[in-house]
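# Examining the three-dimensional arrangement
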Amino acid sequence: MTDTKEPKEHKPSKRFHRAVETFGLSPTRWWNRKQLNARKTWKIPEHLGSLWNDLALVTSREDDMQWLFRVRVESLLLGQLADKISKEGEALCSPTPANCESLHWSFQKRIMTAKSKGAGSANIIDYVLWYGHCWELETNFIVMKPKAGQPKDWALLLNMARIHSARKFADPDADAAIYGIITDGLEWIFIHISNSSRYTVKIFDWSDHRDQIIAQVQDIIDKAVNLYKKRVVPRSSLRIPTIQQISGWRIEEIPATSNYFADSNDRASDKSSEDAFDIFHQPLSW
């Protein structure tokens, strides 16, 4: 497949602008547009290529995207990480047993503070790629699926900015750069926040930009592998206090009793979205 069309233009929502201002972010400078521009694509395993081709044959844009999200997105995320780990082999094994924090995906998390009161679905993160320990908020990549009633760019940026802000506040020397995707399996919105708090947004369509999407996801996973080798493998123990303890932010499991998923269509009202922002919007200072 050859990608010929340019990515869609990003038209920021009002809430996106609000989050940018609240967390002290700024757009990437025009002369530094290299972010989200990966080109070296992953060699797609035959079984995944066949699966994706079959999906294109039996689904349409009018279908319920929830099923398509699970199959297409999860197969890409899991397949690329598994392939990378298999190729790296022992290079991804810590020599110290206490350090056995492996690169892995975790699912359906929420980002919270001690003052959180169980806000709506805006703080749900569907996939988190960990390169280290959750107490250190050691993730460089989150993936979300859209929730009705919430601007997609805002929902993704909000959670990314929380993690970025917490890491910058707790440890000015930490690598606080983070990537994120929000997608229904067809439209893929990528956001990058650099270590210097500059953001880049690009929007791809699976039908027109499949190779670019795959290349970008692999590039982010490669960066996670490098962070693991650089920061996790050499250390003998976690520092005390941890970033979680210093910042007050944590990424945790969603309780089984939570009503976040009560509606099978993952619908969230505009009111619940605004409430979620009001609870979580205050940034940390550094």
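That block above? That's the structure.
Residues numbered from 1 in each chain as written. Predicted model: local features only at pLDDT ≥ 70, side-chain atom pairs only at ≥ 80, totals over all residues. Heavy atoms only, no water.

### What to know about the overall build of the protein
Looking only at helices and strands, the protein has seven helices and eight strands in total. Taking the contacts inside the protein whose residues are at least 6 apart along the sequence as the reference set, 75% of them involve residues at least 24 apart. Accessible surface, the protein: about 13700 Å² in total, of which carbon and sulfur atoms supply 51%. (Helix = DSSP H or I, 4+ residues; strand = E, 2+ residues; numbered from the N terminus. Contact = heavy atoms within 4.5 Å. Areas by Shrake-Rupley, 256 points an atom, 1.4 Å probe, with all protein chains shown as cover.)

### Side note on the pattern of salt bridges
According to the stated counting rule, one finds 14 salt bridges in the structure shown. The salt bridge partner of E252 is R110, with a shortest N-O separation of 2.6 Å. Placement of E252 in strand β8 (residues 249-253) and of R110 in strand β2 (residues 104-113) is noted, with a sequence separation of 142 residues between them. For the pair E252 and R110, a shared accessibility class is recorded, and that class is buried. Its salt-bridge partner being R250, residue E252 comes within 2.7 Å of it at the nearest N-O pair. Overall, the relative accessible area of 18% leaves E252 in the buried class. What makes R250 partly exposed here is its relative accessible area of 25%. (Salt bridge = Lys/Arg side-chain N within 4 Å of Asp/Glu carboxyl O. Buried < 20%, exposed > 50% of the residue type's maximum accessible area, 1.4 Å probe, protein only.)

### Some remarks on the sheet that holds β2
What the eight strands build is an open sheet, ordered β1-β7-β6-β5-β4-β3-β2-β8; its pairing is mixed. Taken across any chain shown, the strands that pair with only one partner, and hence form the sheet edges, are β1 (26-27) and β8. As paired elements, strand β5 (residues 178-183) and strand β6 (residues 187-193) share six bridges and run antiparallel to each other. Bridge pairing in β6 links I181 to F190. Here helix α4 (residues 152-170) sits on the sheet in contact with β2, β3 (124-130), β4 (139-144), β5, β6 and β8, set at roughly 25 degrees to β6. (Pairing = 2+ DSSP bridges. Axes fitted to C-alpha atoms, helices over the stretch in contact; angles between N-to-C directions.)

### Digging into the packing of aromatic side chains
Following the criterion strictly, the structure yields seven aromatic pairs and no others. Ring centres of F16 and Y199 lie 5.4 Å apart, and the angle between their planes is 80 degrees; this geometry places the pair in the edge-to-face category. Highlighted residues: F16 in helix α1 (residues 14-22) and Y199 in strand β7 (residues 198-205), separated in sequence by 183 residues. Since its relative accessible area comes to 0%, F16 is described here as buried. Overall, Y199 belongs to the buried group, its relative accessible area being 12%. Aromatic pair F107 and Y127: ring centres 5.6 Å apart, planes at 85 degrees, arrangement edge-to-face. Taken together, the positions of F107 in strand β2 and Y127 in strand β3 put the pair 20 residues apart, joining distant regions of the chain. Assessed through its relative accessible area of 40%, F107 is described here as partly exposed. Members of the aromatic cluster, connected to one another through ring pairs, are W105, F107, Y127 and F141. The aromatic ring of W154 is capped on one face by R15, whose charged end is 5.2 Å from the ring centroid. (Phe/Tyr/Trp six-rings, centres within 6.5 Å; stacked < 30°, edge-to-face > 60°. Lys NZ or Arg CZ within 6 Å of the ring centre and 35° of its normal.)

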